[in-house]
Amino acid sequence: MAILLSPFSPSPLAKVSQIIDSTSSHSFSLFPLGRQNACSRKADHHHHHRIRTSKFGNFLELTPESEPEFLDFDLPWFHPSDRIRYDVIIIGTGPAGLRLAEQVSSRHGIKVCCVDPSPLSTWPNNYGVWVDEFEDIGFVDCLDKTWPMTCVFINDHKTKYLDRPYGRVSRNILKTKLLENCVSNGVKFHKAKVWHVNHQEFESSIVCDDGNEIKASLIVDASGFASSFVEYDKPRNHGYQIAHGILAEVESHPFDLDKMVLMDWRDSHLGNEPYLRASNLKLPTFLYAMPFDSNLVFLEETSLVSRPVLSYKEVKRRMAARLRHMGIRVKRVIEDEKCLIPMGGPLPVIPQSVMAIGGTSGLVHPSTGYMVARAMALAPALADAIAECLGSTRMIRGRPLHQKVWNGLWPIDRRCNREFYSFGMETLLKLDLKGTRRFFDAFFDLNPYYWHGFLSSRLSFAELAGLSLSLFGHASNSSRLDIVTKCPLPLVKMMGNLALETI
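Scoring rules and cut-offs
- Residues numbered from 1 in each chain as written.
- Predicted model: local features only at pLDDT ≥ 70, side-chain atom pairs only at ≥ 80, totals over all residues.
- Heavy atoms only, no water.
- Helix = DSSP H or I, 4+ residues; strand = E, 2+ residues; numbered from the N terminus.
- Buried < 20%, exposed > 50% of the residue type's maximum accessible area, 1.4 Å probe, protein only.
- Areas by Shrake-Rupley, 256 points an atom, 1.4 Å probe, with all protein chains shown as cover.
- Contact = heavy atoms within 4.5 Å.
- Core = buried A, V, L, I, M, F, W, Y, C linked by side-chain atoms within 4.5 Å.
- Pairing = 2+ DSSP bridges.
- Arc of directions from axis to C-beta.
- Axes fitted to C-alpha atoms, helices over the stretch in contact; angles between N-to-C directions.
- Parallel < 35°, antiparallel > 145°, perpendicular 65-115°, else oblique.
- Left-handed = near helix turned anticlockwise from the far one by under 90°.
- Nonpolar A, V, L, I, M, F, W, Y, C, P; charged D, E, K, R; others polar.
- Phe/Tyr/Trp six-rings, centres within 6.5 Å; stacked < 30°, edge-to-face > 60°.

Considerations on the overall build of the chain
Inference 1: Counting its regular elements, the chain contains 14 helices and 17 strands.
Inference 2: In the chain, which comprises 503 residues, the share counted as buried stands at 59%.
Inference 3: Carbon and sulfur atoms make up 53% of the accessible area of the chain, which totals about 20000 Å².

Some thoughts on the environment of phenylalanine 454
Inference 1: With respect to the helices, strands and loops of the structure, phenylalanine 454 is situated in helix H11 (residues 448-455).
Inference 2: On a C-alpha basis, the gap between phenylalanine 454 and leucine 467 in space is 8.5 Å, while along the polypeptide they are 13 residues apart.
Inference 3: Not counting residues within four places of it along the chain, the set of residues in contact with phenylalanine 454 comprises His365, Ser367, Phe420, Tyr421, Phe443, Leu459, Leu464 and Leu467.

With respect to the nonpolar core
Inference 1: Judged by nonpolar contacts, the single largest core of 125 residues is most densely connected at Val88, Leu100, Phe134, Ile206, Leu262, Phe440 and Phe443.
Inference 2: The element contributing the most residues to this core is helix H7 (residues 372-390), with 12 residues.
Inference 3: Not counting the four nearest positions on each side in its chain, phenylalanine 440 is found in contact with Ile154, Met263, Trp265, Leu304 and Leu428.

Overview of the pairing of strand S16 (residues 330-343)
Successive side chains on a regular strand alternate, one facing one side of the sheet and the next facing the other.
Inference 1: Counting buried positions along S16 yields 11 of 14 residues, so the element is predominantly enclosed.
Inference 2: Note that strand S12 (residues 239-250) and S16 share 12 bridges and pair antiparallel. Within S16, the position partnered with alanine 248 by the bridge is valine 333.

Some thoughts on helix H5 (residues 274-282)
Inference 1: Within the span of H5, buried status applies to Leu276, Ser279 and Asn280. The buried residues of H5 occupy an angular sector of 105° when projected down its axis, which confines them to one face. Along H5, exposed side chains directed more than 90 degrees from the buried face belong to Pro274 and Lys282.
Inference 2: Packed against the buried residues of H5 are helix H6 (312-326) and helix H10 (433-443).

Section: the sheet that holds strand S5 (residues 149-155)
Inference 1: On the basis of which strands lie adjacent, the open sheet formed by seven strands has the order S6-S5-S13-S14-S15-S12-S16 and mixed pairing. The open sheet is flanked by strand S6 (158-162) and S16, the only strands paired with a single partner. Across this sheet, the average inter-strand angle for adjacent strands is 20°, counted without regard to direction.
Inference 2: Pairing geometry for S5 and strand S13 (residues 259-264), over five bridges, is parallel. Each bridged residue has a counterpart across the sheet, and for methionine 149 the counterpart in S13 is lysine 259.
Inference 3: On the sheet, H6 packs against S12, S13, strand S14 (286-291), strand S15 (296-306) and S16 and is oriented at approximately 40° with respect to S12.

Observations concerning unusual backbone geometry
Inference 1: For the peptide bond that leads from arginine 307 to proline 308, omega is 0°, which places it in the cis range.
Inference 2: Counting through the fold element by element, proline 308 comes out in the loop between S15 and H6.
Inference 3: Between isoleucine 350 and the following residue, proline 351, the backbone shows a cis peptide bond with an omega angle of -5°.
Inference 4: With respect to the element layout, proline 351 can be found in the loop between S16 and strand S17 (354-356).
Inference 5: A positive phi angle, close to 50°, is found at arginine 83, a residue other than glycine.
Inference 6: Residue placement: arginine 83 occurs in the loop between helix H1 (36-53) and strand S1 (86-91).
Inference 7: A positive phi angle is found at serine 457, which is not glycine, with a value near 55°.

With respect to the packing of helix H2 (residues 95-105) against helix H4 (residues 171-184)
Inference 1: Running from amino to carboxyl end, H2 crosses H4 at an angle of 30°, the nearest separation of the two axes being 8 Å. Judged on the interaxial angle alone, H4 and H2 are roughly parallel. Relative to H4, H2 is oriented so that their crossing is left-handed. Where H2 abuts H4, its residues Pro95, Leu98, Arg99, Ala101 and Glu102 lie against Lys175, Leu178, Leu179, Asn181 and Cys182.
Inference 2: When the residues that make up the contact of H2 with H4 are grouped by side-chain class, the tally is six nonpolar, one polar and three charged.

Some points on the pairing of S13
Inference 1: By the criterion of burial, S13 is predominantly enclosed, with six of the six residues buried.
Inference 2: Both S13 and S14 contribute to a ladder of two bridges, which runs antiparallel. Bridged to aspartate 264 within S14 is leucine 287.

Thoughts on the packing of aromatic side chains
Inference 1: Summed over all chains, the structure comprises 20 aromatic pairs.
Inference 2: Taking the centre distance of 6.0 Å and the plane angle of 65° together, the rings of tryptophan 130 and tryptophan 451 count as edge-to-face. Placement of tryptophan 130 in strand S3 (residues 128-130) and of tryptophan 451 in helix H11 is noted, with a sequence separation of 321 residues between them.
Inference 3: Given the relative accessible area of 0%, tryptophan 130 is considered buried.
Inference 4: Residues tyrosine 166 and tyrosine 288 carry aromatic rings whose centres are separated by 6.2 Å and whose planes lie at 75° to one another, so their mutual orientation is edge-to-face. Separated by 122 residues along the polypeptide, tyrosine 166 in strand S7 (residues 166-169) and tyrosine 288 in strand S14 bring together distant segments of the chain.

Quick word on the packing of H7 against helix H8 (residues 398-409)
Inference 1: Contact pair H7 / H8: the axes reach a minimum separation of 8 Å and the direction vectors enclose 160°. Classified by the angle between their axes, H7 and H8 sit roughly antiparallel to one another. In terms of crossing hand, the pair formed by H7 and H8 is right-handed. Residues Leu378, Leu382, Ala385, Ile386, Glu388, Cys389 and Leu390 of H7 lie in contact with H8, whose contacting residues are Leu401, Lys404, Val405, Gly408 and Leu409.
Inference 2: Considering only residue class, the contact of H7 with H8 consists of nine nonpolar, one polar and two charged.

Section: the sheet that holds S3
Inference 1: An order of S3-S7-S4 is seen for the three strands of this open sheet, with the pairing classed as antiparallel. Taken across any chain shown, the strands that pair with only one partner, and hence form the sheet edges, are S3 and strand S4 (143-147). Recorded for the sheet is a direction-independent mean angle of 30° between the axes of neighbouring strands.
Inference 2: In terms of strand pairing, S3 meets S7 through three bridges, oriented antiparallel. Each bridged residue has a counterpart across the sheet, and for tryptophan 130 the counterpart in S7 is tyrosine 166.

This is how it looks when you write it as structure tokens:
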């Protein structure tokens, strides 16, 4: 959740799902690869001052130490003199874009070019995933830390312990692996910003800020939520997940090192903050925490979903109050994250001339903000659909191509499932702190098959209906009253959208 977030700037992917990462075959370093020495000197220079100014966890006074990083990697670049006409151009080199490039380029000799203003920059946001999700797609070696269990603090008196390992993705390892696979498959790269996308009947082209025009049979937008290349024909009435996170060196913290804190809904830290306490009762936030060792921890205060979006300043003030109450004194902020993820809302126009994957394609889980693992898992199916059209001697192009690839990403059953997840989001929007606590108390009492499948978008529509009935059965009387009084309008909306999808 918190970790599935995506930064405010229009960089690739999703808090998410946006959007964070994980496994212990790689040692975790306090500093990004290749910069330990420089960062250590900087840390030593400011060490005493930073401890003195971080009073009782007031980390807001501290300046993050991390600087932009770039991978040391040789890429095969696009050259205008080559006059190559590509089969596919992918805009963006986030996890979703590179995964799709890797998959498409491995099929039937399809020529792929990835275009990004900074193809070698490291991704700025952390990614957290369930370990089994990365095991299923063969990327478990890209996790730099795993926790065998997760926990959810419902309130001061009740904690749920979840027997499902969680992990943090190593951004450098994952991106390097995807780049290596892309290069071995012949993918070319162009360092530029795309200004315009133009379409003819059987061919499309992009115009870049360096003046180059590149042509292809299909353009895929993987550049994130802020893109303007993908069209919508309905109001984009998103809910928003907003969070502030820090990777910090602390004097100590109270978290068990073998458990990742998925959600901490406790609000005792706001006892002396009447304004914050009152606003939190209406629009609650939770703490998400990844303890790496006794002095290194990733902390993120998250609003699961709100509409309109909760104030970012409010989120930071709540986080400062929480850390102060927990006695967490921040010595250094190594990295920080400012995260905003649009959730739910309508899908793009299907079909249309520009294909999409990632944040702009509607893949963010409307109820949780998760996306990275799902986008990477769906990329092979989308690549198959593209290959059926462009990898055959028939060379299906134009509208038949667009219809095929969009339906490859969003078949009717997946669209119906998304409507159910959006129904879940609309219901969560109506819950206050007490209602939210009651909901998750019942949700994590479900058969693990249900809550695992819901969080990972694995359930069929029939199974989602079964989950609803089971959830009602596990709910307290107060939670059932919430469901009966606050679900009808979202339910009617879902049924109407399902009717439109299946016509």
